[in-house]
Structures are given as C-alpha cells and as structure tokens.
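An overview of the molecular structure
What follows is the residue order along each chain.
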Amino acid sequence: MIRPKSPFRRIAAIAAGAVIGIGTMTMFAAPASAHHPEPSGTYCLGSDGQVTVTWKVGNSENIDATITAVSSTITSAFTGGDLKVGATLKAKGGKLLTATQTHTFSDSKKPKIELTVEARWERPDRIVIEHRTVAATKSGRCAAQPTPSPSSPTPTPTTTASPTPTPTTVSPSPSQTPTESPSPTPTATTPPAEPVGTVESTCDKLTFTIENPADGTTVVMTLTPNKGEAKTLTVEPGKTGSVSFDAVEGLTVTPAAEGLDDNEPIAWEKPAECNPGQGGGKDEPALPLTGAATGGIIAGAVVLLAAGAGLFVMARRRRVRFTA
C-alpha cells in the first residue's frame, strides 16, 4: 500500500509564508515626514522711520513641538510674546507663539526682514528636527502717534512784515531736489530662496533631507560622520534629496556647505519605541518577537496544522486495497 502524496501541503506552507511576510512589511512601513514650523510676519513703518515687526509661529503637526532655534535679520530683542528657544509649540490649531521687534534702518535700501525658526518633534518611532525661514510682508503705515498741539500762539506781525525772509525761502527749493534722488534706490535684487533642511532620527537611520525651492541655487553639502566615510548630497533647484547613515550609538554627523552658518555636529537620537537590538549598533542581543508579529506566526502555524490534519484524513480515505 502506497499513500499518494498531496501538493496541498506545499501550497499551504507557501501561502502561510506570504501572509507573514506581508504582515511584517505593513508593520514596518512608515509615512514620509512632513513636520515643519509655520512662521509668518508683518511689519509697518512709522513716521519717524522706525519699523515694527510682528511674528507668529504655528505647528504643522497634531503633536506639540519644542523650539530649538530662533534667529532674525533684525538685531533688536524679541518683546511682547513667548517666542523663544525652549518654548512649547502647541499642536496644529493651538495657540501661536508670537513676538515683536522694532528697528530703525539707516540704509535707504529695502530692508531684509526674515525670521528662521527650528523645532523638534518626538514621536514613538522617530525624532524630527526641521526649520523654516519666512520674510515679513509690509502691512502699511504704523498708527500715527498723537502730535502735541502748540500751546503758545505767537503769530508776531513784526516777522511777517519784514521782507528779508523772502530770498531765504527761495534758496532751499533747489537743495530739496537731491533728497528725492535716493527714492529709486530701494529696488534691490531678490536673493535666491533658501533651501529647507530636515534631520530625522529613526530606530535604524539618521537621515538628512534638503528641499531646494525652484528659485534657489544648487546646494552641495558634505556630511562627515565620526564613524565611517563622508557623503555628499547635491540638490538642484526644484528638487529634494536625502542621505542616510546607519544608526550607531554615539553617531554624530557634521554638515558643511557654502553659506551654512551652523556646522556643529548633529547626533543621532534613539526614539522611545525601538525593538531591542534595533538602533545603536549590533551589540545588544535581540529578544524574541512579541505582539502582532507573534500573533501572525501563530495563526500561520494553526493553518499549517489544520492543512496537515486534513491531508492525513484524505490519505486514509484514499487508501487502496488489493484483494485476491
């Protein structure tokens, strides 16, 4: 008696493996990061030439962030608000961070009024640091200050009768003409738009991303890690590029590029929820998988056992008997 072998056992094993593989891929798939602060600003011009700027900063995400850097092209201090390093940036739709600056420009050229804000988000599986730069838009003239009315009316008739002031009033008219010549000077060439940089720490990678606007210039950045070889990231206008380094405990990467002010080393930070042995190198022993992955494996094993039992019953029923 020979029991025929059935192909169903192999098909069931392949199907179980495919289900487990698809489940694993779904677990580790993660959406692209789009975290960024949302700054905006307006300024008005006073009659005395003083500029008053009002800044506001919002959040693109549904979780709070922390302000890690703030800088402005105006040298005066931030007043009348809570925008500062270490401030909590409330989740999207929450209270905006605000600040005010005042400054008097001595140059007749159009002033460059910009704000750069950097923020940090901590999610269970990733840490994102990103900055945004915004230029303030003109909102018109500032509210006029009340001018004091003259208290002593001294219209002396003697000064009106004297004919001597008449020639002196004619002479200032030609001298006033050169004052109007600096007015066309405010036409300044618009500088190229600045790129946006993002640093993202996941459980197994430290990733640097550059978004270069269409009206920017080509960015060439060299990223030198303290462990391993340096990498070069080149991003043309209108494009986005990224470079990643394997996450190792103690990893730092130093960026360098033309026009980059801050070239301090950037350290990889381990997110709160990483599997044991994931991130920080291969030194830590990996523990058995638990949770959703274990459930999938158990389900696959049950399917295989059920298929094996069915095949056993089928084989017994299809037993061939020979009689003399």
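Details of the structure are given in the entry above.
Residues numbered from 1 in each chain as written. Predicted model: local features only at pLDDT ≥ 70, side-chain atom pairs only at ≥ 80, totals over all residues. Heavy atoms only, no water.

The subject of this paragraph is the environment of S201. Within the fold, S201 resides in strand β9 (residues 196-202). Among the residues examined, S201 registers a relative accessible area of 3% and is labelled buried. Spatially, the C-alpha atom of S201 lies 5.9 Å from that of W268, the residues being 67 residues apart in sequence. In this structure, S201 is in contact with D125, R126, I127, L206, A267, W268, E269 and P271, ignoring residues within four places of it in sequence. At 3.3 Å, the side chain of S201 forms a polar contact with the backbone nitrogen of E269. (Helix = DSSP H or I, 4+ residues; strand = E, 2+ residues; numbered from the N terminus. Buried < 20%, exposed > 50% of the residue type's maximum accessible area, 1.4 Å probe, protein only. Contact = heavy atoms within 4.5 Å. Polar contact = N/O pair within 3.5 Å; in protein donor to acceptor, adjacent residues only side chain to side chain.)

On to the state of the cysteines, then. Following the criterion strictly, the structure yields 2 disulfides and no others. A disulfide bridge connects C44 with C142, and the sulfur atoms are separated by 2.1 Å. Measuring handedness by torsion sign, the sulfur bridge of C44 and C142 sits at about 95 degrees and is right-handed. Residue C44 is located in strand β1 (residues 37-45), and its partner C142 is located in the loop between β8 (137-141) and α2 (157-161); the two are separated by 98 residues in the primary sequence. The burial state of C44 is the same as that of C142; both residues are buried. Disulfide partner of C203: C274, at an S-S distance of 2.0 Å. (Disulfide = S-S within 2.5 Å.)

By size, the foremost hydrophobic cluster in this structure holds 20 residues, and its most contacted members are V53, W55 and I113. Those elements that place two or more of their residues in this core are β2 (50-59), β3 (65-72), β5 (97-104) and β6 (114-123). Counting 16 residues, the second-largest nonpolar core is a separate cluster that includes I129, M221, L251 and W268. (Core = buried A, V, L, I, M, F, W, Y, C linked by side-chain atoms within 4.5 Å.)

In this structure, the largest pocket occupies an estimated 1,500 Å³ of space. Elements supplying a minimum of two residues to the lining of the largest pocket: β3, β6, β7 (126-135), β9, β10 (205-211), β11 (219-225), β14 (252-257) and β15 (266-267). Top contributing element to the lining of the largest pocket by residue count: β9, with 6 residues. Split by residue class, the lining of the largest pocket holds 22 nonpolar, 14 polar and 11 charged. (1 Å grid on protein atoms, 1.4 Å probe; cavity = no way out; pocket = protein on both sides within 12 Å on 5 of 7 lines; lining within 4 Å. Points joined across faces, edges and corners; volume = space filled by probe spheres on them. Nonpolar A, V, L, I, M, F, W, Y, C, P; charged D, E, K, R; others polar.)

A word on the side chain of E130. Within the secondary structure, E130 is located in strand β7. On the basis of relative accessible area, E130 is assigned to the buried category, the value being 3%. Only 2.5 Å separates the side chain of E130 from the side chain of R132, close enough to count as a polar contact. Every residue in contact with E130, bar those within four places of it in the chain, is listed here: H35, H36, P37, V117, E118, A119, W121, V196, G197, T198 and E211.

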